Amino acid sequence: MDIRTRTQDDLAACVEALAEVQAADRYPVRWPDDPGAWLTPGGMTTAWVAIEAGAVLGHVALTRDLEVSRLFVTPAARGHGVAARLLEAARASTPLPLKLEVSSEGRAAIRFYERSGWRRVGSTRAEWLNAAGEPALLYHYVSPPGH
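Attention here is on the structure that accompanies the text. The shown structure was predicted, so the numbers you read here are calculated from the model rather than taken from an experiment. (Residues numbered from 1 in each chain as written. Predicted model: local features only at pLDDT ≥ 70, side-chain atom pairs only at ≥ 80, totals over all residues. Heavy atoms only, no water.)

1. Observations regarding the overall build of the chain
Operational definition: In DSSP terms, a helix is any run of H or I states spanning at least four residues, a strand is any run of E spanning at least two, and both are numbered starting from the N terminus. Using C-alpha atoms as the atom set, the radius of gyration is obtained and then compared with a globule rule of 2.2 Å times the number of residues to the power 0.38. A simple rule labels every residue: compare its accessible area, found with a 1.4 Å probe on the protein chains alone, to the largest value its type can have, and call it buried under 20%, exposed over 50%, or partly exposed in between. We call two residues contacting when some pair of their heavy atoms lies within 4.5 Å. Using a 1.4 Å probe, accessible areas were evaluated by the Shrake-Rupley method; residue-level cover was limited to the displayed protein chains. The positive count covers Lys and Arg only, the negative count covers Asp and Glu only, and His and the chain ends enter neither. Charge coordinates come from a single atom per side chain, which is NZ of Lys, CZ of Arg, CG of Asp or CD of Glu.
Within the chain one finds four helices and seven strands. Of the regular secondary structure in the chain, the N- to C-terminal order runs β-α-α-β-β-β-α-β-α-β-β. A compact globule built from 147 residues should have a C-alpha radius of gyration of about 15 Å, and the chain, at 14 Å, falls within 12% of that. Its C-alpha atoms put the chain at 40 × 35 × 30 Å along the principal axes. Counting all 147 residues of the chain, 43% fall into the buried class. Within the chain, counting contacts between residues at least 6 apart in sequence, those at least 24 apart form 55% of the total. A total accessible area of about 8000 Å² is found for the chain, and carbon and sulfur atoms account for 51% of it. Considering the chain, the positive charge centre built from 16 side chains and the negative charge centre built from 17 side chains are found 7 Å apart.

Right, here's the structure in full:
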């Protein structure tokens, strides 16, 4: 498996991988009208992909304000360190701490972040609705010190 900077040529495969994730996990909660644009959030500086045998296994983006965004791993690739390697690529791009937010419904993601040393620093309510039809509870995390 290779982790490398995402190119424009990767976007269609990233959308296909995201569709697998959305079908399995409801992430993103609402399928975007333009999934390629959704994978390129405002303020994005870089995105990375995990590739094996030409297939996208995972994706992560980093924004100007050092927020990890659009992190996902396809269901078939989970449990093989893909998310950890994607996060490490993002962390290696700057000496500064990173931040991220995750919905309280993302229990597996929360366990992964906390096992990886990310520290929860707060919570807020989102503008979008969770599975219960309420504003989603978002947990905010900061990356562990050092690389």
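2. Topic: the side chain of R6
Convention followed: Between Lys or Arg on one side and Asp or Glu on the other, a salt bridge is scored when a side-chain nitrogen of the former is within 4 Å of a carboxyl oxygen of the latter.
By secondary structure assignment, the location of R6 is in the loop between strand 1 (2-5) and helix 1 (11-25). Buried charge R6 goes without a salt bridge, the closest partner of opposite sign being D10 at 6.2 Å.

3. Re the sheet that holds strand 4 (residues 68-73)
Applicable threshold: For two strands to count as paired, DSSP must find a minimum of two bridges between them. Axis definition: a line fitted to C-alpha atoms, limited for helices to the stretch in contact. Angles are taken between N-to-C directions and run from 0 to 180 degrees.
Read across the open sheet, the four strands follow the order 1-2-3-4; overall the sheet is antiparallel. At either margin of the open sheet sits one strand with a lone partner, and together these are strand 1 and strand 4. Averaged over all adjacent pairs, the angle separating strand axes in this sheet is 20°, with direction ignored. As paired strands, strand 3 (residues 55-63) and strand 4 are joined by four bridges and run antiparallel to one another. Bridging from a neighbouring strand, A61 pairs with S69 of strand 4. Strands strand 2 (44-52), strand 3 and strand 4 of the sheet are contacted by helix 1, whose axis makes an angle of about 70° with strand 4.

4. What about helix 4 (residues 107-115)?
Stated precisely, the cut-off is as follows: Throughout, the arc means that of the directions going from the helix axis to the C-beta atoms.
For helix 4, every residue scored as buried is listed here: I110, F112 and Y113. Projected onto a plane normal to the axis of helix 4, the buried residues spread over an arc of 165° and lie on a single side. In helix 4, the exposed positions angled more than 90 degrees off the buried face are occupied by R107, A108 and R115. Buried residues belonging to helix 4 abut strand 4, helix 3 (82-92), strand 5 (99-103), strand 6 (119-129) and strand 7 (135-142). A positive phi of about 95° marks G117, the residue just after helix 4.

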